[in-house]
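Observations on chain architecture
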Amino acid sequence: MSEELLKLIPEFNLIQEPDLRQKCIKTWEEGIKRGGWKSADLTKMAFTLLIPDCQVSFVEHTRAVTLTCVGVAAVFAQVYGDRNPINRDYLIAGALIHDVGKLMEYAMVEGETVKSEFGAMLRHPFSGVILAAEQGVPVEVLHMIASHAREGDLVKRSKEATILHHADFTNFESLK
Ligand SMILES: [Fe+2]
């Protein structure tokens with residue numbers, strides 16, 4: 001599955017630290033397994049149920065949010081230099097797995113992406129933290145998963161979590 005996943009989402013290779021990269025891949029693999037997803041369905045899975053007839057897949061959304069974060073980090077490095085340091089590996093890791101809980105929150109029924117029974121109880125920031133914590137993903141990245149959506153409005157987001165939150169909503173709101 002790792003090779004298939006890397007073909008779908010080559011941005012895993014942007015994580016420099018091999019251990020962190022592996023933990024993020026494992027988190028995705030576990031989500032795919034627990035959600036009962038087939039790799040063919042992953043490219044058809046809608047990234048949100050809040051946009052009717054959404055034309056952007058879950059995989060595309062994950063890649064776009066990750067690359068948006070990479071772009072922000074590049075701009076900061078170019079203009080601010082050392083005055084606004086970003087943990088680039090954490091930023092990319094958090095972006096790649098921020099929505100991984102949707103593999104449990106959603107299900108595919110007759111070709112349609114729907115809310116699962118599990119998802120009616122726990123939204124993806126919660127299931128995402130569970131999946132990632134089980135793989136030993138560091139707390140700085142768990143924080144990013146936990147706070148990327150509206151639940152996170154109640155906490156003080158880290159710098160990387162702030163970038164991710166806005167990258168996510170930029171990619172969501174502009175498609176509505
Ligand atoms: Fe997202």
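Let me begin by describing the structure that accompanies this report. Computed from a predicted model, the values in this text were never measured in an experiment.

Looking at the coordination of the iron ion
Within the first shell, the iron ion binds the protein through His61 (NE2), His98 (NE2), Asp99 (OD) and Asp168 (OD), at distances of 2.2 to 2.3 Å. In terms of primary sequence, the donors binding the iron ion are separated according to H-x36-H-D-x68-D. Like His98, the residue Asp99 is buried in the burial classification.

Here's the deal with the side chain of Asn84
Inspection of the secondary structure puts Asn84 in the loop between helix H4 (58-80) and helix H5 (88-97). At 2.8 Å, the side chain of Asn84 forms a polar contact with the side chain of Lys159. Once residues lying within four places of it in the same chain are set aside, the contact partners of Asn84 are Phe76 and Lys159.

Details of the pairing of strand S1 (residues 106-109)
On a regular strand, one side chain projects to one face of the sheet and the next to the other, so that they alternate. In this structure, S1 lies alongside strand S2 (residues 112-115), joined through four bridges in antiparallel fashion. Residue pairing across strands places Val109 opposite Glu112, the latter belonging to S2. The antiparallel hairpin formed by S1 and S2 contains two residues in its connecting segment, where Glu110 sits at a positive phi of about 50°.

Thoughts on the packing of H4 against H5
Helices that pack against each other are described as a pair by the angle of their axes relative to one another and the distance between those axes. For the pair H4 and H5, interaxial distance at closest approach is 8 Å and the crossing angle is 160°. As the angle between them shows, H4 and H5 are arranged roughly antiparallel. Considering the relative orientation of H4 and H5, their crossing is right-handed. In contact with Thr62, Val65, Thr66, Cys69, Val70 and Ala73 of H4, H5 contributes Arg88, Leu91, Ile92, Ala95 and Leu96. In the contact of H4 with H5, the residues fall into eight nonpolar, two polar and one charged.

Things to note about the packing of helix H9 (residues 139-147) against helix H10 (residues 159-173)
In the contact formed by H9 and H10, the axes pass within 9 Å of each other and the chain directions differ by 35°. The element H9 and its partner H10 pack so that their crossing is right-handed. In this structure, H9 contributes His143, Met144 and Ser147 to the contact, and H10 contributes Glu160, Ala161 and Leu164. Taken together, the residues of the contact of H9 with H10 break down into three nonpolar, two polar and one charged.

Calculation criteria
Residues numbered from 1 in each chain as written. Predicted model: local features only at pLDDT ≥ 70, side-chain atom pairs only at ≥ 80, totals over all residues. Heavy atoms only, no water. Donors = N, O, S within 2.8 Å, 3.2 Å for Na, K, Ca; no water. Buried < 20%, exposed > 50% of the residue type's maximum accessible area, 1.4 Å probe, protein only. Helix = DSSP H or I, 4+ residues; strand = E, 2+ residues; numbered from the N terminus. Polar contact = N/O pair within 3.5 Å; in protein donor to acceptor, adjacent residues only side chain to side chain. Contact = heavy atoms within 4.5 Å. Pairing = 2+ DSSP bridges. Axes fitted to C-alpha atoms, helices over the stretch in contact; angles between N-to-C directions. Parallel < 35°, antiparallel > 145°, perpendicular 65-115°, else oblique. Left-handed = near helix turned anticlockwise from the far one by under 90°. Nonpolar A, V, L, I, M, F, W, Y, C, P; charged D, E, K, R; others polar.

Geometric values such as these leave the question of function open.
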